[in-house]
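Spelled out, the chains give:
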Amino acid sequence: MEKQPLPTEDDMTGTTESEVNGHAGEEGEQASEPPGRVGWNSKIEYFLAQVGFSVGLGNVWRFPYLCHQNGGGAFLLLYVLLMLVVGIPLLFLELAAGQAIRQGSIGVWKYISPRLAGIGYSSCVVCFFVALYYNVILAWSLFYLGNSFQQSLPWSQCPEQGNVTVKECEKSSPTSYFWYRKALDITDSISDTGSFNPYITCCLLVAWTVVCLGMFKGIKTSVKVMYFSSIFPYLVLFCFLVRGLLLDGALDGISYMFYPKLEIWGDVQVWRQAATQVFFALGLGFGSIIAYSSYNPRNNNCHRDAFTVSAINFLTSVLATLVVFAVLGFRAKGKVVEWLLVHVFSNNDWSQTFGPHCVLLNFYVYACVFFFLVLNCDLEKEMQKGVEGTGLAFIAFTEAMSLLPGSPFWSALFFLMLLNLGLSTMFGTMEGILAPLTDRFKTLANNKTKFTIFSCIIGFLIGLLFTQRCGSYFVTMFDDYSATLPLIIVVVFETFSVSWLYGADRFLDDIEAMLGWRPSIIYKYLWKYISLLAMLGLLGATGIRMFITRPTYMAWNQEKATEEHLPYPGWALAVMALLIIFAMMPVPVALIHAVLQERTKRTSRDAETGQYSIVSTDDKCETPMTELDQRNRTSASFT
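What you are looking at is a predicted structure, and each value in this text was computed from that prediction instead of being measured. Per-chain numbering applies: the sequence of each chain, read as written, is numbered from 1 onward. This being a predicted model, a pLDDT of at least 70 is required before a residue's local features are given, and a value of 80 or more before pairs of side-chain atoms are given or counted; all residues contribute to the totals for chains, interfaces and linings. With hydrogens and water set aside, each side-chain value is computed from the structure's full complement of heavy atoms.

### Here's the deal with the pattern of salt bridges
- Basic side-chain nitrogens of Lys or Arg form a salt bridge, by our definition, when they fall within 4 Å of a carboxyl oxygen of Asp or Glu. With the rule as written, the count across this model stands at 8 salt bridges.
- Across the salt bridge formed by arginine 181 and glutamate 168, the nearest N and O atoms sit 3.1 Å from each other. In this pair, arginine 181 is assigned in helix α10 (residues 174-183) and glutamate 168 in helix α9 (residues 167-171), connecting sequence segments 13 residues apart. With respect to burial, arginine 181 and glutamate 168 carry one shared label: buried.
- The closest approach of N and O atoms between arginine 518 and aspartate 509, which form a salt bridge, is 2.5 Å.
- For each residue, the accessible area found with a 1.4 Å probe, counting protein chains only, is set against the maximum for its type, and the residue is called buried under 20%, exposed over 50%, and partly exposed in between. A relative accessible area of 35% means that arginine 518 is categorised as partly exposed.
- Where salt bridges share partners, they join Glu168, Arg181, Asp185 and Arg469 into one cluster. The helix count covers DSSP runs of H or I at least four residues long, the strand count covers runs of E at least two residues long, and both are numbered beginning at the N terminus.

See the structure below:
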């Protein structure tokens, strides 16, 4: 029995979700599609929301690190290649599905088949996991933002107890000490829980309050905040770029950044990291893209949107990379010069060290600095220190800003930028939770404001886990394991469902009816083969790496005042496994539920049919019972 095509505009305004999903017997719980679904006031609002969600903290502190570690310019070419063959086709798929069906992630996949509803629920669970720890990063940014309004930044120099410098700070650096001891007050391992950090707890409460107020009335209120939160980070990045290029050592940092290392193309792990970054940079699998596109008119050119959003995302990553490594180049060169002043220029017998040729002092300075940079100093090693994740934002970058004139201004600007980047992403993540559930359940739709407030309260209460002294270790755990594998599996199911179960040709037909023109047939082969196989390869590489290599985390040793890699204890590995299982559990549960429901309906229908005598007619005329049976079988069929 053929599957029905995606709904037209008239279908969506006159058909309830319970009718669409094959009369599953849950009309009391499901929300019908409203005749006039809320929509964006303008295309600008939609772009601000979509770009604000996809452009997040990862563009600023993960992409530059990956680009530098994996071949610089060569990694950029690899990233663009994977963006074209994997990222953009899958983004187009989600945009088109949400816009055509005009439902959240649960409704979209349930419409294609009731057996696939679990894909949408898994997206909601992953969004919830991400929201829990992502808002903690906003709390950290708030803490640093509040500490930036001081004439002398508190992380610019080591504190003293009495007249003695604190040993932990003296052994490390002022920025590392402030981050690990003042901000986090971190323990030595994840097993040492410690007490709650009152400052971070208060900042987390403020962060969840801001998110709740922004989501209070759905997209109507969140988009007003996005006018600032989505545009302001670009203004800050351009300000930092102009200021950074004027710093001594900026060009050194940028040259290290883009120096091509073509040999990395033969490394499988580099392909895995590039594909993972493409995957997360666009926000695939979260359900937020589907939710945002569901508010678009049906004739919106979602094909052009996919290319536009991807291009903006990539250019933002490149812009952030230029800023980061211009500033880090200034920081690294400053450290090199400082080393020279301490170990070379303090030596009175310098002529014996470098020979009699350095007669003039200026010539001596420049010659020795050049000699040191080119031959004796590993500047790249300095560039690599603390350039990933929180180490970049809260250690390396803060140290560089403390050296700038007017450092409190630049510090406040930087952490306000991080706050706005994270806030836009949080709005999209929360929309990936709220929109599908309110579309699915009528009770939640009628009490959406209360549901939003309740969700934020629950998020804050569970988020207290991350405000313990060991909380940053749990943030790392959730970031590495609660979303990566489940989201890849979700996108694999999405791609397989559309391209093979529903049919790529049928989906292109629906897009043609929606847009008025047919996309290139190349998307059929990308969805069915190339993108799907690439995602399966990424899934396999990620799973193999996860099971072969024992997971570790970066811990802070207070006595040594250094970072060190520690293996996760057994109970932490169990928590990781539970996070992954819990995120993926809705997929098989929804499948089993749909199959059992179909069998129950079929049994009850057969019993009801048995109460009537079978009438045999030569002209095979249809009776009301045969019409009902055909309709039930059509809606319940799964091809």
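### Describing the packing of helix α25 (residues 471-482) against helix α28 (residues 570-584)
- At a closest axis distance of 10 Å, the pairing of α25 and α28 adopts a crossing angle of 45°. Overall, the two elements α25 and α28 adopt an arrangement that is oblique. Seen from above, α25 lies across α28 with right-handed handedness. Mapping the contact onto sequence places Phe474, Met477, Phe478, Tyr481 and Ser482 in α25 and Trp571, Ala572, Val575, Met576, Leu579 and Ile580 in α28.
- Only Asp, Glu, Lys and Arg are considered charged in this grouping, and only Ala, Val, Leu, Ile, Met, Phe, Trp, Tyr, Cys and Pro are considered nonpolar; every other residue, Gly among them, is considered polar. Of the residues belonging to the contact of α25 with α28, the class tally is 10 nonpolar, 1 polar and no charged. Only the contacting stretch of a helix is used when fitting its axis, a line to C-alpha atoms as for every element, and angles between N-to-C directions run 0 to 180 degrees. Between 65 and 115 degrees an angle is taken as roughly perpendicular, under 35 as roughly parallel, over 145 as roughly antiparallel, and anywhere else as oblique. By convention the crossing between two helices is left-handed if the near helix lies anticlockwise of the far one by an angle smaller than a right angle, and right-handed if it lies clockwise. Whether two residues are in contact is decided by their heavy atoms, any of which lying within 4.5 Å being enough.

### Focus: the state of the cysteines
- The criterion for a disulfide is a pair of cysteine sulfur atoms lying within 2.5 Å. The full count for this structure, using the stated rule, is 1 disulfide.
- Disulfide pairing is shown between cysteine 158 and cysteine 169; the S-S distance is 2.0 Å. Note on the cysteine 158 and cysteine 169 pair: the S-S dihedral is about -85°, so by sign convention the disulfide is left-handed. Here the residue cysteine 158 occupies a position in the loop between α8 (117-147) and β1 (160-161), and cysteine 169 occupies one in helix α9, the gap between them amounting to 11 residues.
- The exposure class of cysteine 158 is partly exposed, given its relative accessible area of 23%.
- With no disulfide partner, cysteine 124 has as its closest neighbouring cysteine sulfur the one in cysteine 127, 6.6 Å distant.
- Free cysteine cysteine 212: the closest other cysteine sulfur is in cysteine 456, separated by 4.1 Å.

### Things to note about unusual backbone geometry
- We note that arginine 102 has phi near 60°; this positive angle belongs to a residue other than glycine.
- With respect to the helices and strands, arginine 102 occurs in the loop between α6 (73-101) and α7 (105-112).

### A word on the UniProt feature "binding site: Na(+)" (unreviewed entry) in the protein
- UniProt positions are given in the numbering used here, feature names are shortened, and annotations may be inferred rather than shown by experiment. The UniProt entry lists Gly52, Val55, Asn59, Asn313 and Leu421 under the feature "binding site: Na(+)" (unreviewed entry), expressed in the numbering used here. These annotated residues cover 370 residues of sequence, and their C-alpha atoms all fall within 12.5 Å of one another, placing them together at a single site.
- Residue classification places valine 55 among the buried residues on the basis of a relative accessible area of 4%.
- With residues near it in sequence (within four places) discarded, valine 55 still touches Tyr234, Asn313, Thr316, Leu421 and Thr425.
- By secondary structure assignment, the location of asparagine 313 is in helix α17 (residues 302-343).
- Excluding residues within four positions of it along the chain, asparagine 313 makes contact with Ser54, Val55, Asn59, Tyr79, Ala281 and Leu282.

### With respect to the confidence of the model for the protein
- Each residue carries a pLDDT value, the predictor's own confidence for that position, ranging from 0 to 100. Taken as a whole, the protein shows an average pLDDT of 81; of its residues, 80% reach a score of 70 or greater.
- Confidence drops under a pLDDT of 50 for residues 612-639, and excluding neighbours within four residues, the segment shows 21 contacts in the predicted structure.

### Some remarks on the packing of aromatic side chains
- The aromatic pairing rule takes the rings of Phe, Tyr and Trp, using the six-membered ring of Trp, and pairs them if the centres are within 6.5 Å, calling planes under 30 degrees apart stacked, those over 60 edge-to-face and the rest tilted. Here the structure, examined in full by the defined rule, presents 47 aromatic pairs.
- An angle of 20° between the planes, with centres 5.8 Å apart, marks the rings of tyrosine 79 and phenylalanine 314 as stacked. In this pair, tyrosine 79 sits in helix α6 while phenylalanine 314 sits in helix α17, placing the two residues 235 residues apart along the sequence.
- Where tryptophan 155 meets phenylalanine 415, the ring centres are 6.3 Å apart and the plane angle is 75°; that geometry is what we call edge-to-face. Within this pair, whereas tryptophan 155 is found in the loop between α8 and β1, its partner phenylalanine 415 is found in helix α22 (residues 407-440), the two being separated by 260 residues in sequence.
- Of the residues examined, tryptophan 155 reaches a relative accessible area of 1% and is grouped as buried.
- Exposure remark for phenylalanine 415: the relative accessible area of 0% places this residue in the buried category.
- Distance and angle both matter: a charge sits over a ring if NZ of Lys or CZ of Arg is within 6 Å of the ring centre and within 35 degrees of the ring normal. Here the guanidinium or amino end of arginine 440 rests over the ring plane of phenylalanine 441, the centre of that ring lying 4.9 Å away.

### Section: the pairing of strand β4 (residues 562-567)
- When DSSP finds two or more bridges between two strands, those strands count as paired. In this sheet, β4 lies alongside strand β3 (residues 552-557) in antiparallel orientation, the contact comprising 6 bridges. Bridge pairing in β4 places asparagine 557 opposite threonine 562.
- Connecting β3 to the next strand, β4, in antiparallel fashion are 4 residues, including alanine 561 with a positive phi near 60°.

### Points about the environment of leucine 319
- As for its position among the elements, leucine 319 is in helix α17.
- Classification of leucine 319 by relative accessible area gives buried; the value is 11%.
- Distance in space between the C-alpha atoms of leucine 319 and asparagine 59 is 9.2 Å, their sequence separation being 260 residues.

### Observations concerning a nonpolar patch on the surface
- Surface patches are drawn from residues lacking salt bridges whose relative accessible area is over 30%; two like charges belong together within 9 Å, two nonpolar side chains (Val, Leu, Ile, Met, Phe, Trp, Tyr) within 5 Å. The protein chains shown are the only cover counted for residues, whose accessible areas, like all others here, come from Shrake-Rupley with a 1.4 Å probe. On the surface, Phe496, Trp500, Ile521, Tyr525, Tyr529, Ile530, Leu533 and Leu536 cluster together into a nonpolar patch covering about 780 Å² of accessible area.
- If you list the elements that add at least two residues to the nonpolar patch, you get α26 (484-515) and α27 (522-548).
- Considering each element in turn, the nonpolar patch owes the most residues, 5 residues, to α27.

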